[in-house]
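# Topology and contacts: notes
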Amino acid sequence: MPIEMKPVGLNLPDADDDWIPRMEDMPFHRLGGETGVRALAEAFYDAMDANEPELARLHELDANGKVGPGTRERFGLFLIGWLGGPQHYMEKHGHPRLRMRHGHLPVNLGHRDAWVRSMQRALDARGVKGGVRRFLDQRFAEVADFLRNTEG
């Protein structure tokens, strides 16, 4: 049963802005704090479930064949800290060590691109635009490419 997500107000600039992150104005703040970032994580896995089934199957699935709540929660916690909010993930799970935690999976160009497409769909669904969107598109693409560990 999907969790009902209520709309979260975003603190987003106009599309033509030149926003860059600052300690007092991080993506975490622009996306609506913890609630907004968790909503982004949900939108990400919803997009993956709907459009990237091969990638979704690499995750723990629920009884309906969708990416499970544990994975969604863990990614939400990671994003909260990674985007400049409280470090709940590190408090609960330790350092993310992204390469190590993904090392048991073959991450190729196709997986990377599917991941990026899912995040772009999630950002679209959340209405993320302007400078914060340009910043996040670049950073998410960099991280996705960093996690590649196989050719092809």
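Use the structure listed above.
Residues numbered from 1 in each chain as written. Predicted model: local features only at pLDDT ≥ 70, side-chain atom pairs only at ≥ 80, totals over all residues. Heavy atoms only, no water.

## Remarks on the overall build of the protein chain
Where we set the bar: We count a stretch as a helix when DSSP gives it H or I for four or more residues in a row; a strand needs E for two or more, and each element gets its number in order from the N terminus. Each residue is assigned to one of three classes by its accessible area relative to the maximum for its type, calculated with a 1.4 Å probe on protein chains only: buried under 20%, partly exposed between the two thresholds, exposed over 50%. Here a residue-residue contact requires only that any non-hydrogen atoms of the pair lie within 4.5 Å. For the area figures, the Shrake-Rupley method with a 1.4 Å probe applies, and any residue is considered shielded solely by the protein chains shown.
Counting secondary structure elements, the protein chain contains eight helices and zero strands. Each helix and strand of the protein chain, ordered N terminal to C terminal, gives the series α-α-α-α-α-α-α-α. In the protein chain, which comprises 152 residues, the share counted as buried stands at 40%. Pairs at least 24 apart in sequence give 65% of the contacts found in the protein chain among residues at least 6 apart. Summed over its atoms, the accessible surface of the protein chain is roughly 8,700 Å², and 53% of this surface lies on carbon and sulfur atoms.

## Structural notes on helix 4 (residues 69-82)
Convention followed: Each helix should span, by expectation, one fewer than its residue count multiplied by 1.5 Å.
Taking 1.5 Å per residue as the helical rise, helix 4 with its 14 residues ought to reach 20 Å, and the 20 Å between its terminal C-alpha atoms agrees with that figure. Thr71, Arg72, Phe75, Gly76, Leu77, Phe78, Leu79, Ile80 and Gly81 are the residues of helix 4 that are buried. In the stretch just after helix 4, glycine 84 is the one whose phi turns positive, near 105°.

## Considerations on the pattern of salt bridges
Where we set the bar: Salt-bridge detection follows one rule: a side-chain nitrogen of Lys or Arg within 4 Å of a carboxyl oxygen of Asp or Glu.
Applying the stated criterion to the full structure yields 15 salt bridges. With its nearest N and O atoms 3.6 Å apart, the salt bridge here joins aspartate 25 to arginine 22. Overall, the relative accessible area of 41% leaves arginine 22 in the partly exposed class. Residue arginine 72 pairs with aspartate 49 through a salt bridge whose shortest N-O separation is 2.8 Å. Here arginine 72 is found in helix 4, whereas its partner aspartate 49 is found in helix 2 (residues 33-51), with 23 residues between them in sequence. In this structure, arginine 72 and aspartate 49 share a single accessibility class: buried. Overlapping salt bridges, with partners in common, bring together Arg22, Glu24, Asp25 and Arg30 in one network.

## Quick word on the nonpolar core
For the record, the criterion: Residues grouped as a nonpolar core are buried Ala, Val, Leu, Ile, Met, Phe, Trp, Tyr and Cys residues, joined through side-chain atoms within 4.5 Å.
If you look at the biggest cluster of nonpolar residues, it comprises 31 residues, and the most contacted ones within it are Phe44, Met48, Phe75, Leu79, Trp115, Met119 and Leu136. Mapped by element, the contributors of at least two residues to this core are helix 2, helix 3 (53-56), helix 4, helix 7 (109-125) and helix 8 (130-146). Counting residues per element, this core draws most heavily on helix 2, which supplies seven residues. Setting aside its immediate chain neighbours within four residues, methionine 48 contacts Pro53, Leu55, Ala56, His59, Val67, Trp115 and Ser118.

## Description of the environment of glycine 152
Mapped onto the fold, glycine 152 is located in the segment after helix 8. Note: C-alpha distance between glycine 152 and valine 107 (45 residues apart in sequence) is 9.1 Å.

## Describing the packing of aromatic side chains
Given two aromatic rings, one states the distance between the centres and the angle between the planes to describe the pair. For clarity, the cut-off: Aromatic pairs are defined between Phe, Tyr and Trp rings, using the six-membered ring for Trp, whenever the two ring centres lie within 6.5 Å; interplanar angles under 30 degrees are classed as stacked, those over 60 as edge-to-face, and all others as tilted.
This structure, assessed with the given rule, holds 11 aromatic pairs. Look at phenylalanine 44 and tyrosine 45: their rings are 4.8 Å apart centre to centre, the planes differ by 70°, and that puts the pair in the edge-to-face class. Taken as a pair, phenylalanine 44 and tyrosine 45 share a single burial class, namely buried. With centroids separated by 5.8 Å and ring planes inclined at 55°, the aromatic side chains of tryptophan 115 and phenylalanine 140 adopt a geometry described as tilted. With a gap of 25 residues between them, tryptophan 115 in helix 7 and phenylalanine 140 in helix 8 connect regions that are remote in the sequence. The residues tryptophan 115 and phenylalanine 140 share a single accessibility class, namely buried.

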